[in-house]
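Chain by chain, the residues:
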Amino acid sequence: LVPAVWGVLNGDDLSRWAWLGIGVALVAIGMVSVSNDGSKMSVTTRVIVEALIAGAGFGVFFIFMDATEGATAPWPVVGARLTTTVAVLGYLLIARQPIIANTRQAVWLIVATGVFDTTSNILFLYAVDVGQLSVVSVLASLYPVATVILARAFLHERMNRIQLGGCVGALIGTVLIAIG
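Here's a quick rundown of the structure. (Residues numbered from 1 in each chain as written. Predicted model: local features only at pLDDT ≥ 70, side-chain atom pairs only at ≥ 80, totals over all residues. Heavy atoms only, no water.)

**Some thoughts on the overall build of the chain**
Secondary structure assignment for the chain yields eight helices and zero strands. Expressed as lengths along the three principal axes of its C-alpha atoms, the size of the chain is roughly 55 × 45 × 35 Å. Within the chain, buried positions represent 26% of all 180 residues. For the chain, the share of sequence-separated contacts (at least 6 apart) that also reach a separation of at least 24 residues comes to 79%. Accessible area of the chain: about 12,500 Å², with a carbon and sulfur share of 70%. Seen as two clouds, the 9 positive and the 9 negative side-chain charges of the chain have centres 17 Å apart. (Helix = DSSP H or I, 4+ residues; strand = E, 2+ residues; numbered from the N terminus. Buried < 20%, exposed > 50% of the residue type's maximum accessible area, 1.4 Å probe, protein only. Contact = heavy atoms within 4.5 Å. Areas by Shrake-Rupley, 256 points an atom, 1.4 Å probe, with all protein chains shown as cover. Lys, Arg positive; Asp, Glu negative; His and termini not counted. Charge placed at Lys NZ, Arg CZ, Asp CG, Glu CD.)

**Side note on the packing of helix α5 (residues 104-130) against helix α6 (residues 133-140)**
At a minimum axis distance of 8 Å, the contact between α5 and α6 shows a crossing angle of 150 degrees. Classified by the angle their axes make, α5 and α6 are roughly antiparallel. Like other packed secondary-structure pairs, α5 and α6 cross with a definite hand, here right-handed. Along its contact with α5, which presents Phe124, Ala127 and Val128, the element α6 presents Leu133, Val136, Ser137 and Ala140. Counted by class, the contact of α5 with α6 contains six nonpolar, one polar and no charged residues. (Axes fitted to C-alpha atoms, helices over the stretch in contact; angles between N-to-C directions. Parallel < 35°, antiparallel > 145°, perpendicular 65-115°, else oblique. Left-handed = near helix turned anticlockwise from the far one by under 90°. Nonpolar A, V, L, I, M, F, W, Y, C, P; charged D, E, K, R; others polar.)

**Let's talk about the packing of helix α3 (residues 45-67) against α5**
Here α3 crosses α5 at 55 degrees, and the two axes come no closer than 9 Å. Taken together, the axis directions place α3 and α5 in an arrangement best described as oblique. As α3 runs across α5, the sense of the crossing is right-handed. Here Phe61, Phe62, Met65 and Asp66 of α3 lie close against α5, whose contacting residues are Asn121, Phe124, Leu125 and Val128. Class assignment of the residues belonging to the contact of α3 with α5 gives a composition of six nonpolar, one polar and one charged.

**Observations concerning a nonpolar patch on the surface**
On the surface, Trp17, Leu20, Val175 and Ile179 cluster together into a nonpolar patch covering about 410 Å² of accessible area. Looking at the nonpolar patch, the elements that each hand over two or more residues are α2 (16-32) and α8 (161-179). Here Trp17 falls in the partly exposed class, since its relative accessible area comes to 48%. (Patch = residues over 30% accessible without salt bridge, like charges linked within 9 Å, V, L, I, M, F, W, Y side chains within 5 Å. Salt bridge = Lys/Arg side-chain N within 4 Å of Asp/Glu carboxyl O.)

And the structure:
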């Protein structure tokens, strides 16, 4: 929501269809993200505040990526990754936590995650160079749909009706944005 509002305030011009698609997609993100583990744990105010801060942080990152010049790609993402790597390594050193994973499989998973994350951010950088921040950021935020579908396909997790409705809503929202 943060980069979508920022984009509109800074000149993104959206049709009614695109507005409708963004609204449907934002609701779909929430629906897909509903827990499916059957636990009865209550969500505390602190957890909600932390989630909102994290979401706003993602949004601000998207805004900064949009503010860069297209010709500088992929260097803004490289700079962001170096900054977070130094920050995490510094924290681990100060907290005296182990820095390296203890199994070869864990190391490969960490490397693969970094490669996919960096690649997705570079693709986001290219997308905002040719598209509008409000649209690109909402479409990029649909990643929980892929997570739920992959969990279903590989871990055989069941999707509840709300998550399934969110997947359908994400498709509808994407189509409406594309029409607009």
